[in-house]
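Take a look at the letters that make up each chain.
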Amino acid sequence: MTADVQATRDVVDIITGGWRAQALYTAVRLGLPDHVAAGCAHDAELAKASGASEQGVHRLMRLLVALGVFEGSDSAGYRGTRVSAALLDGPRSLRDMCLLYGEEFYSAWDHAHHAISTESSGFEVAYGRPFYDYLGDHPALARRFQLTMNAASMFFHQVPEVFDFAGKKVVDVGGGGGNLLATILAAAPDATGTLLDRDHMLPKAREHLTAAVGPDRAEVVGGDMFEGVPEGGDVYILCRVLAGHDDEDVVGVFEHCRRAMAGPSSRLLILDRFVADEDSTVLPALWDLHLLVTTGGEHRTLDRIARLLERAGLSVESTAELPMETTALIVAPHTP
Ligand SMILES: Nc1ncnc2c1ncn2[C@@H]1O[C@H](CSCC[C@H]([NH3+])C(=O)O)[C@@H](O)[C@H]1O
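The rules behind these values
Residues numbered from 1 in each chain as written. Predicted model: local features only at pLDDT ≥ 70, side-chain atom pairs only at ≥ 80, totals over all residues. Heavy atoms only, no water. Near = heavy atom within 4 Å. Polar contact = N/O pair within 3.5 Å; in protein donor to acceptor, adjacent residues only side chain to side chain. Areas by Shrake-Rupley, 256 points an atom, 1.4 Å probe, with all protein chains shown as cover. Nonpolar A, V, L, I, M, F, W, Y, C, P; charged D, E, K, R; others polar. Salt bridge = Lys/Arg side-chain N within 4 Å of Asp/Glu carboxyl O. Buried < 20%, exposed > 50% of the residue type's maximum accessible area, 1.4 Å probe, protein only. Pairing = 2+ DSSP bridges. Helix = DSSP H or I, 4+ residues; strand = E, 2+ residues; numbered from the N terminus. Axes fitted to C-alpha atoms, helices over the stretch in contact; angles between N-to-C directions. Contact = heavy atoms within 4.5 Å.

Novice: Explain the site of the ligand to me, please; I cannot follow it from the model alone.
Specialist: Taken together, 15 residues form the shell around the ligand, and within it Gly-174, Asp-197, Asp-224, Cys-239 and Arg-240 come nearest. Asp-197 is positioned such that a nitrogen or oxygen atom in its side chain is 2.6 Å from an oxygen atom of the ligand. At 2.8 Å from an oxygen atom of the ligand is found a side-chain nitrogen or oxygen belonging to Arg-240. When the free accessible area of the ligand is taken as 570 Å², the share hidden by the protein chains comes to 84%. Looking at the shell around the ligand residue by residue, the classes come out as seven nonpolar, four polar and four charged.

Encoded structure:
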């Protein structure tokens, strides 16, 4: 048999993906992006600043330059790139995401075979309890997860470009820390908002919304979206809340939104990642498996979501693509 060099190369590229991830995780854990940005341009300085062995740093930096995370060399001096800039410690950084993926999520992926074979969470095997329960007992990790969600929210500022919120009463169901609602209200100064979430999320959401748009334009309400949602909205938003719940529960939330709508011109806006069974790109398929590995959840196909919406008396009116392979579905109630 003749060796298929390209196939070998493709396999090697895929199976070394975990090593690349761990190398980047280690660099972030050692603070190398920050140290290079602060002017450490040589192995010896980076070793001193990070407390790691100089030869270890040298070997790690050689890989990271090859991966495009840094530029230069020990002799010429290392320089940061746009990639290392995205990992600097600070607001909106991908640093916490990198640490979370390199630690708890990496350990959860250790149990991918179990998760896929049994369609259940690998995290639970690694840590002995469901992901969200575990977060409840580990506040530092919960904060890291929250920062990871924030960093992965770069599509928020484009949401007002795909839907006109002017003058609307906006209800963000499972609105989390309030970032999306604040972005929308900032873009539509005559709109008002209500955020519904679990009680423990409310202080953070209230604080964020008050700081971003003032105390009068948004209220925060504690509750359970499976029991009901605030009445009288012109637009209901479900952003990244459906993945962890089964079809019957999701239909229930859709029904609550339709019944609570102010009228036939009200809309439901679903912002999420969807998988495609034909011609899938890598990220949605990867994140779908990641949901399985961490929480036992899944991403749905557009067709499947459309069928669930129909069961609740709703139809997809239009769709728009957002960054990071996120899709906006604009959904209208059936007219009587
Ligand atoms: N039953 C429930 N009722 C209301 N909110 C919920 C419920 N279950 C989960 N959530 C919230 O749903 C959110 C999912 S994370 C997504 C948060 C936000 N929409 C964003 O895209 O950034 C979390 O804030 C949860 O607390």
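The rest of the description comes next.
Novice: Just to check I follow, could you spell out the pattern of salt bridges for this structure?
Specialist: Any two side chains of opposite charge can pair, on the condition that their charged atoms come close. This structure, assessed with the given rule, holds 13 salt bridges. Across the pair Arg-79 and Glu-71 runs a salt bridge, and its minimum N-O distance is 3.6 Å. Arg-95 serves as the salt-bridge partner of Asp-89, at 4.0 Å between the closest nitrogen and oxygen. Among the residues examined, Asp-89 registers a relative accessible area of 54% and is labelled exposed. A cluster of three or more residues bridged by salt bridges with shared partners is formed by Asp-247, Glu-298, Arg-300 and Arg-304.

Novice: Looking at this model, I keep getting lost on the sheet that holds strand β7 (residues 267-272). Mind explaining?
Specialist: What links the strands of a sheet is backbone hydrogen bonding, and the strands pair in either a parallel or an antiparallel sense. Taking strand neighbours across the sheet as the criterion, the seven strands line up as β5-β4-β3-β6-β7-β9-β8 in an open arrangement whose pairing is mixed. Either end of the sheet is taken by a strand with one partner, and the two such strands are β5 (218-222) and β8 (314-322). For this sheet, the mean angle separating the axes of adjacent strands, direction not counted, is 20°. Taken together, the five bridges between strand β4 (residues 192-197) and β5 define a ladder with parallel strand orientation. Residue pairing for β5: Asp-197 is matched across the bridge by Gly-222. Seen against the sheet, helix α14 (residues 179-187) touches β3 (169-173), β4, β5, β6 (235-239) and β7 and runs at an angle of roughly 175° to β4. Seen against the sheet, helix α16 (residues 247-260) touches β3, β6, β7, β8 and β9 (326-333) and runs at an angle of roughly 160° to β6.

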